[in-house]
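Given next are the chains, with one letter for each unit.
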Amino acid sequence: MSQDPVISAEDTLRVSVLSEALPYIQRFAGRRVVVKYGGAAMVREDLRDAVFRDLALLACVGVQPVVVHGGGPEINQWLKKLEIPAQFRDGLRVTDPDTMDVVEMVLVGRVNKQIVNGLNRVGGRAVGLSGSDGALVEARTWGEGSHGLVGEVAAVNPDVLAPLLQSGYIPVISSVAADPSGQAHNINADTVAGELAAALQAEKLILLTDTPGILQDREDPSSLLRQITLPEARELIRTGVVNAGMTPKTECCIRALAQGVGAAHILDGRVPHALLLEVFTDAGVGTMVVGSSRAAARASAQRRG
């Protein structure tokens, strides 16, 4: 008499996870997802490895990920080594020419290549770029030069990315870009990611942060708002529920949605595999911002399967 095969709970769980992911893989195959990579996920080795594996897996199943990064902590370390004082005003780095040289060296020459090498190591095919390459991002000086060479996005020309994405490469883009005169500027990586997502008409913009997402009460992680609409996001800013460092991230999501991005996500990069949990599971993690109540209802229905 034959016995039924013994299947472990662990194996059953693996199969269940794959089965749950299938409709999401089918839905997002061939779609573009822009990921702003930053925070603890750049610092902790275990989290770095998880992010690299998540991005490589997305590319393997047909999603077209694009990575945008900053690198604030490492910039500060090199400024200290070179005895150049770090200056901040209104939450923004004051970037004089000497500081800009360090920013460009660190972001373009060091951090970018660390990410590219990490992705290649786990089986991804990554290509490193800056905003200046192929005139991908055109910068203009922010605030009439009050913060030196701090820039904002004047224009995005994503043509250079199309052949890379079509060939299965993962573009990794540092948030340094030049103005029309060729002067390099330091641009906020969230801003670059949002504007790039809009130019690519991306399905998703994902911001990896060091918070669970948008909280109704910033002192209570259980008050996470899992899904909000664009008007609700504006109201949360107006009423001060969204404040401090979460304000520019939420504004970045609002601008991206207003320009046609399908959905924007603010995720806790301290959670291992947060990217896959958000994109490929029914529950998701973090906060998803969508354009309207109709879009919210559709997204909820899709998450319920």
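Residues numbered from 1 in each chain as written. Predicted model: local features only at pLDDT ≥ 70, side-chain atom pairs only at ≥ 80, totals over all residues. Heavy atoms only, no water.

Undergrad: Break down the overall build of the chain for me, citing the residues and quoting the values.
TA: The number of helices and strands found in the chain is 11 helices and 14 strands. Computed over the C-alpha atoms, the radius of gyration of the chain is 20 Å, within 12% of the 19 Å expected from 2.2 N^0.38 for a compact globule of 305 residues. Each principal axis of the C-alpha distribution contributes one length, and for the chain these read about 80 × 45 × 35 Å. Residue burial in the chain is summarised as follows: out of 305 residues, 47% are buried. (Helix = DSSP H or I, 4+ residues; strand = E, 2+ residues; numbered from the N terminus. Rg over C-alpha atoms; globule rule 2.2 N^0.38 Å. Buried < 20%, exposed > 50% of the residue type's maximum accessible area, 1.4 Å probe, protein only.)

Undergrad: Tell me about the packing of helix α4 (residues 72–81) against helix α5 (residues 97–121), and name the residues and values.
TA: Close contact between α4 and α5 brings their axes to 9 Å; oriented N to C, the two are set at 130°. Between α4 and α5, the angle falls in the class oblique. Remark: the crossing between α4 and α5 carries right-handed chirality. Taking contact as the criterion, the partners of E74, I75, W78 and L79 in α4 are, on α5, T99, V102, V103, M105, V106, L107, R110, V111 and Q114. When the residues that make up the contact of α4 with α5 are grouped by side-chain class, the tally is nine nonpolar, two polar and two charged. (Axes fitted to C-alpha atoms, helices over the stretch in contact; angles between N-to-C directions. Parallel < 35°, antiparallel > 145°, perpendicular 65-115°, else oblique. Left-handed = near helix turned anticlockwise from the far one by under 90°. Contact = heavy atoms within 4.5 Å. Nonpolar A, V, L, I, M, F, W, Y, C, P; charged D, E, K, R; others polar.)

Undergrad: An account of the pairing of strand β2 (residues 64–69) is requested, with residue identities and associated values reported.
TA: Along any regular strand the residues' side chains alternate between the sheet's two faces. When you tally the buried positions in β2, you get six out of six residues, the bulk of the element. Covered by surrounding structure in β2 are Q64, V66 and V68 together with P65, V67 and H69, the residues of both alternating faces. Examined bridge by bridge, strand β1 (residues 32–37) and β2 share six bridges and lie parallel to one another. Its bridge partner lying in β2, V35 is registered against V67. (Pairing = 2+ DSSP bridges.)

Undergrad: Can you break down the sheet that holds β2 residue by residue, with the values?
TA: Spatial ordering of the open sheet is given by β5-β8-β2-β1-β11-β13-β14-β12, a layout of eight strands whose pairing is mixed. Two strands in the sheet have a free side with no partner beyond their single neighbour: β5 (126–130) and β12 (227–229). When the angles between neighbouring strand axes are averaged without regard to direction, this sheet yields 20°. As paired elements, strand β11 (residues 204–209) and strand β13 (residues 263–268) share six bridges and run parallel to each other.

Undergrad: Give a description of α5 that names residues and reports values.
TA: Across its 25 residues, α5 extends 35 Å between first and last C-alpha, which sits within 8% of the 36 Å expected from 1.5 Å per residue. Of all the bends in α5, the greatest measures close to 30° and is centred on L107. Looking at α5, one finds that the buried residues are T99, M100, V102, V103, V106, L107, V111, N112, I115, V116, G118 and L119. Where α5 ends, the next residue or the one after it, G123, has phi of about 105°, a positive value. (Expected span 1.5 Å × (residues − 1). Bend = angle between axes of the 7 residues up to and from the residue.)

Undergrad: So what about the pairing of strand β14 (residues 287–290)? Which residues, and what values?
TA: Alternating positions in β14 separate into two faces, T287 and V289 on one and M288 and V290 on the other, with burial throughout. The pairing of β12 with β14 spans three bridges and is parallel. Bridged to T229 within β14 is V290. For β13 and β14, the ladder comprises three bridges, and the chain directions are antiparallel. Each bridged residue has a counterpart across the sheet, and for H265 the counterpart in β14 is M288.

Undergrad: Quick one: what's the story with helix α7 (residues 189–199), residue by residue and with numbers?
TA: Counting buried positions along α7 gives nine out of 11 residues, so the element sits mostly inside the fold. Turning to α7, its buried residues are A189, D190, V192, A193, G194, E195, L196, A197 and A198. N-cap assignment for α7: the residue whose side-chain oxygen lies 2.9 Å from the backbone N of D190 is N188. Phi turns positive one or two residues past the end of α7, at Q201, with a value near 50°. (Polar contact = N/O pair within 3.5 Å; in protein donor to acceptor, adjacent residues only side chain to side chain.)

Undergrad: I'd love a proper account of the packing of aromatic side chains, names of residues and values included.
TA: Each aromatic ring pair is described using two quantities: the centre-to-centre distance and the angle formed by the ring planes. For the coordinates displayed, the defined rule picks out one aromatic pair. Its guanidinium or amino end placed over the ring of F28, R27 lies 6.0 Å from that ring's centre, counting from NZ or CZ. Over the ring of Y169 we find R125; its NZ or CZ atom is 4.3 Å from the centre of that ring. (Phe/Tyr/Trp six-rings, centres within 6.5 Å; stacked < 30°, edge-to-face > 60°. Lys NZ or Arg CZ within 6 Å of the ring centre and 35° of its normal.)

Undergrad: Now, about the nonpolar core: what can you tell me, with residues and values included?
TA: Judged by nonpolar contacts, the single largest core of 44 residues is most densely connected at Y37, L55, I115, L119 and F280. Apart from the residues lying within four places of it in its own chain, the contact partners of F280 are E20, A21, Y24, I25, F28, L57, L58, V61 and V63. Of all hydrophobic cores here, the second largest spans 41 residues; its members include A189, L205, I214 and C252. (Core = buried A, V, L, I, M, F, W, Y, C linked by side-chain atoms within 4.5 Å.)

Undergrad: Help me get a handle on unusual backbone geometry, residues and values and all.
TA: Not every positive phi belongs to a glycine, and E83 is a case in point at roughly 60°. By secondary structure assignment, the location of E83 is in the loop between α4 and β3 (88–89). Even without glycine at this site, A135 takes up a positive phi of about 50°.

So far we have only geometry, and geometry alone does not tell us how the molecule works.
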